[in-house]
Number of protein chains: 2
Amino acid sequence: MSRQTLLERRERLLGQRMPLFYSEPVHIVRGEGIYLYDASGKQYMDMYNNVPCVGHANPRVVAAMQTQAGTLNVHSRYLHEAILDYTERLTGLHAECLSRAVFCCTGTEASEIALLMARAATGGRGIICSDSGYHGNSTEVRRLSVARRDPQGNPEIRTIPYPQCYRPIDAAASESELTELYLERVHEAIADFDRHDIPFAGMFVCSLLVNEGLPDIPAGFMSRAAEIVREAGGVFIADEVQAGFCRSGRWWGYQTSGFEPDIVTMGKPMGAGMPIAGVVARPGLVDAFREKTGYFNTFASSPLQAAVGMAVLDELEDREILDNVVAVGGYLRAALERLQAEYECMGDVRGHGLAIAVDWVSDRESKKPDRRGVAEVVNRLKDKGFLTGSAGSLGNVLKLRPPLVFSKDNADAFLAAFSEIMQDIHG
Amino acid sequence: MSRQTLLERRERLLGQRMPLFYSEPVHIVRGEGIYLYDASGKQYMDMYNNVPCVGHANPRVVAAMQTQAGTLNVHSRYLHEAILDYTERLTGLHAECLSRAVFCCTGTEASEIALLMARAATGGRGIICSDSGYHGNSTEVRRLSVARRDPQGNPEIRTIPYPQCYRPIDAAASESELTELYLERVHEAIADFDRHDIPFAGMFVCSLLVNEGLPDIPAGFMSRAAEIVREAGGVFIADEVQAGFCRSGRWWGYQTSGFEPDIVTMGKPMGAGMPIAGVVARPGLVDAFREKTGYFNTFASSPLQAAVGMAVLDELEDREILDNVVAVGGYLRAALERLQAEYECMGDVRGHGLAIAVDWVSDRESKKPDRRGVAEVVNRLKDKGFLTGSAGSLGNVLKLRPPLVFSKDNADAFLAAFSEIMQDIHG
């Protein structure tokens with residue numbers, strides 16, 4: 001079936017404006033490890049997808065899914081051991097106080113649970129979030145994303161400019177001054193809730209500010225923001241849907257960013273493609289949530305979720321993927337930093353582990369974001385067989401986020417193609 | 001591991017008050033067809049679970065899951081044929097105007113999409129729902145369920161008493177008078193939105209009022225309510241998460257209840273245990289939704305969802321399950337009606353296809369709901385190896401809702417056990 005026919009059917013059946021990548025979309029039919037293949041047999045190296053963290057069509061994950069689905073797949077109002085074993089193992093990977101879990105199916109549902117939990121436990125309503133984050137697509141969770149555009153419509157949300165060192169709120173400030181300036185915004189948001197008689201519930205941020213564009217966060221901001229929030233009676237929620245499961249070179253983004261959350265949301269790579277998501281939190285918070293909501297999720301906390309989630313943890317641990325992320329991520333980033341010296345447009349190279357961002361600019365001095373420049377590179381990389389994407393609050397950030405089994409050889413192949421494209425454009 | 005140890009671990013890891021069935025919960029380890037097995041090897045006939053509609057551990061569904069997960073499981077921003085084939089087939093089973101789909105992972109997410117769609121398309125906010133329904137667990141969707149208890153807290157929700165013939169709002173009224181009386185409540189709700197300057201968006205109901213207790217709905221109510229809602233500029237949303245996929249003896253509950261919805265939500269049996277849910281609607285509604293929200297769901301519209309969803313449709317059609325539902329459902333219901341003549345407590349036997357309800361009462365005249373009576377029967381049935389549940393707006397309804405592959409022999413086995421229990425209690 002031709003691409004044009006597929007596009008027409010897609011519009012007729014799924015509607016206009018359903019999101020699609022690339023100016024000439026790819027028609028993918030098969031995946032294996034870090035590779036995807038299109039209908040013509042063309043191979044693409046996947047440097048975009050974080051969900052298949054242990055590789056596309058991972059045999060251990062597929063086998064776990066098949067075995068469990070062929071044995072038992074039922075809801076959680078009967079007793080079953082596997083979900084308890086999985087919860088024990090998962091909470092064991094987190095800070096000790098985060099010892100209870102609630103499971104669901106998507107990152108959006110995890111965000112919903114976190115919001116309901118924060119509000120149930122504190123009795124508050126007001127939530128602080130970043131002005132460029134994304135936490136999901138439900139009516140309530142969307143409010144966190146659209147708050148910047150519609151401040152009047154969201155009396156219970158306050159946004160702060162996301163903390164960053166590259167285009168900071170005060171270009172003349174030192175990093176330590178920036179920390180104070182951004183923390184001041186947290187104080188102001190809390191005071192503003194107070195002024196409007198909106199009891200404070202907490203702050204909700206991605207541990208690595210992935211959607212914001214993976215900025216370097218002024219040192220100490222996250223841990224001190226968490227303290228300020230707790231002192232004001234709120235809870236600090238870390239969104240680890242993108243940041244978690246070894247992505248940053250630590251198990252959790254909050255370890256990389258150096259803070260202790262009260263509630264953690266997880267999703268995407270958790271089931272390597274099976275819809276599994278969830279929340280871990282301090283016991284009192286989980287109990288308050290369960291008491292207040294009577295939460296039940298038909299497909300969650302199931303033997304199937306447990307088996308697949310466990311297989312993902314087995315793969316991550318047995319294949320020592322954390323070490324791979326640190327080694328290959330460091331290697332890739334260092335190579336990009338060398339290229340940065342050659343190309344003006346690579347304004348900033350940053351990130352952690354295998355979450356790497358290149359901030360595309362028209363020139364280094366103005367730091368003017370160059371969306372078209374990065375889009376051209378993303379499309380050219382695709383033509384050469386490398387799937388990447390653009391992201392960030394300004395849409396000008398090259399996002400490199402391959403499955404975590406990405407090797408040094410894979411990085412070399414990417415770097416060769418990337419260098420060729422850069423030379424072709426700028427050489 | 002003993003039941004007590006499991007219960008303790010469960011509370012420690014998943015928190016207090018996580019929902020659990022039966023006064024002595026069962027520890028299920030395996031499922032096959034209509035049977036579940038506990039850790040001691042005891043066999044239970046499953047007369048509760050609607051998700052595994054084509055039987056527990058259905059081999060065709062498991063094979064489809066394994067094959068697709070081993071081939072490709074990726075998000076929908078690349079082109080893929082399978083989700084288009086599945087959408088074509090699924091919309092082909094619906095009324096012709098419901099020709100576009102949006103996919104997600106859970107019933108809650110489908111309800112979120114329906115609400116966002118209704119509001120995006122109409123520009124309205126106000127939603128009418130029943131006073132005893134359940135449509136999901138997110139912040140916004142929960143409002144539909146808690147509106148009855150917290151009318152002040154939900155300015156955009158109006159509830160109406162759910163239409164029924166057994167305990168109607170006017171005991172002296174004929175069925176046709178009841179239709180008018182309940183419709184009057186719809187008119188009043190619309191007028192009340194108008195009075196409060198809340199633009200009207202639509203009405204959201206389960207097509208069979210399953211959570212309300214599967215009442216006999218006064219003839220013509222649903223189709224005329226849909227007309228009234230559309231005349232007032234709203235859309236009529238049918239929740240088919242429980243009612244759909246042959247459960248009622250028709251493909252969709254809205255066919256059984258005789259009305260035409262503008263938006264339909266689906267879930268539970270759709271993936272026979274894989275988290276698949278979605279919405280079908282008129283093209284303009286889907287386009288308005290996509291334009292307004294930019295909706296994207298990482299795990300949805302995937303090749304895996306398409307393959308599993310297709311396998312479920314294959315099983316339903318190839319095994320002629322609709323015919324089975326009509327035949328066995330009718331047989332079971334007729335037998336229960338015969339038993340009703342013997343037992344005062346079986347106040348009302350009702351339902352459609354393999355969704356059957358028995359309204360438990362202390363006596364026929366007062367129709368006083370008997371929650372304890374039904375709970376005793378549910379627990380005794382469990383001891384005898386039959387899994388059922390209680391439900392309904394008053395918690396006094398015996399809910400019989402087996403996988404759709406339930407046979408006449410299965411019905412006979414259940415009826416024998418049920419009769420024994422009834423004789424033992426009342427004989």
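In this report, we go over the structure that sits alongside the text.

Attention now moves to the environment of Ala69 of chain B. Assignment of secondary structure puts Ala69 of chain B in helix H2 (residues 59-69). With 238 residues separating them in the primary sequence, Ala69 of chain B and Ala307 of chain B have C-alpha atoms 9.2 Å apart. Residues within four places of Ala69 of chain B in sequence aside, it is in contact with Ala57, Val62 and Met65 of chain A together with Leu304 of chain B.

As a further point, take the side chain of Gln164 of chain B. Residues and elements named next belong to chain B. Looking at the secondary structure, you find Gln164 in the loop between strand S6 (157-160) and helix H6 (175-195). Among the polar contacts made by the side chain of Gln164, one reaches the side chain of Tyr162 at a distance of 3.4 Å. Of the polar contacts made by the side chain of Gln164, one reaches the backbone nitrogen of Arg167; its length is 3.0 Å. When neighbours within four sequence positions are excluded, Gln164 is seen to be in contact with Leu178, Tyr182, Pro215, Asp216 and Pro218.

On to the relation of the copies chain B and chain A. Rotating chain B by 180° and translating it 0.0 Å along the rotation axis places it on chain A, where the RMSD comes to 0.0 Å. On the angle and the small slide along the axis, the relation comes out as a two-fold axis. Nearest to the rotation axis, the C-alpha of Gln66 of chain B is located 2.8 Å from it, this being the minimum over chain B. Both copies contact each other with a shared surface, as 100% of the interface residues of chain B are interface residues in chain A too.

With that settled, consider the sheet that holds strand S7 (residues 200-206) of chain A. Residues and elements named next belong to chain A. Ordered by their spatial adjacency, seven strands build an open sheet running S4-S10-S9-S8-S7-S5-S6, and the pairing between neighbours is mixed. Each edge of the sheet is formed by a strand with only one pairing partner; in this case those strands are strand S4 (100-104) and strand S6 (157-160). Taken pair by pair, the neighbouring strands of this sheet meet at an average axis angle of 20°, ignoring direction. Note: S4 against strand S10 (residues 277-281), five bridges, orientation antiparallel.

All names here are of chain B. The end-to-end C-alpha distance of H6, which contains 21 residues, comes to 30 Å, matching closely the 30 Å that a straight helix rising 1.5 Å per residue would cover. Taken together, the buried positions of H6 are occupied by Leu178, Thr179, Tyr182, Leu183, Val186, Ala189, Ile190, Asp192 and Phe193. On its buried side, H6 packs onto strand S5 (126-130), S6, strand S7 (200-206) and helix H7 (221-231).

Let's shift gears to the packing of helix H12 (residues 371-383) of chain A against helix H13 (residues 408-426) of chain A. Residues and elements named next belong to chain A. For the pair H12 and H13, interaxial distance at closest approach is 10 Å and the crossing angle is 130°. Between H12 and H13, the angle is such that the two are oblique. Both H12 and H13 take part in a crossing whose hand is right-handed. For the pair formed by H12 and H13, the contact residues are Glu376, Val377, Arg380 and Leu381 on the first element and Phe414, Phe418, Ile421, Met422, Asp424 and Ile425 on the second. Among the residues making up the contact of H12 with H13, the classes are represented as seven nonpolar, no polar and three charged.

Calculation notes
Residues numbered from 1 in each chain as written. Chains lettered and ligands numbered in written order. Predicted model: local features only at pLDDT ≥ 70, side-chain atom pairs only at ≥ 80, totals over all residues. Heavy atoms only, no water. Helix = DSSP H or I, 4+ residues; strand = E, 2+ residues; numbered from the N terminus. Contact = heavy atoms within 4.5 Å. Polar contact = N/O pair within 3.5 Å; in protein donor to acceptor, adjacent residues only side chain to side chain. Least-squares fit on C-alpha atoms with pLDDT ≥ 70 in both. Pairing = 2+ DSSP bridges. Axes fitted to C-alpha atoms, helices over the stretch in contact; angles between N-to-C directions. Expected span 1.5 Å × (residues − 1). Buried < 20%, exposed > 50% of the residue type's maximum accessible area, 1.4 Å probe, protein only. Parallel < 35°, antiparallel > 145°, perpendicular 65-115°, else oblique. Left-handed = near helix turned anticlockwise from the far one by under 90°. Nonpolar A, V, L, I, M, F, W, Y, C, P; charged D, E, K, R; others polar.

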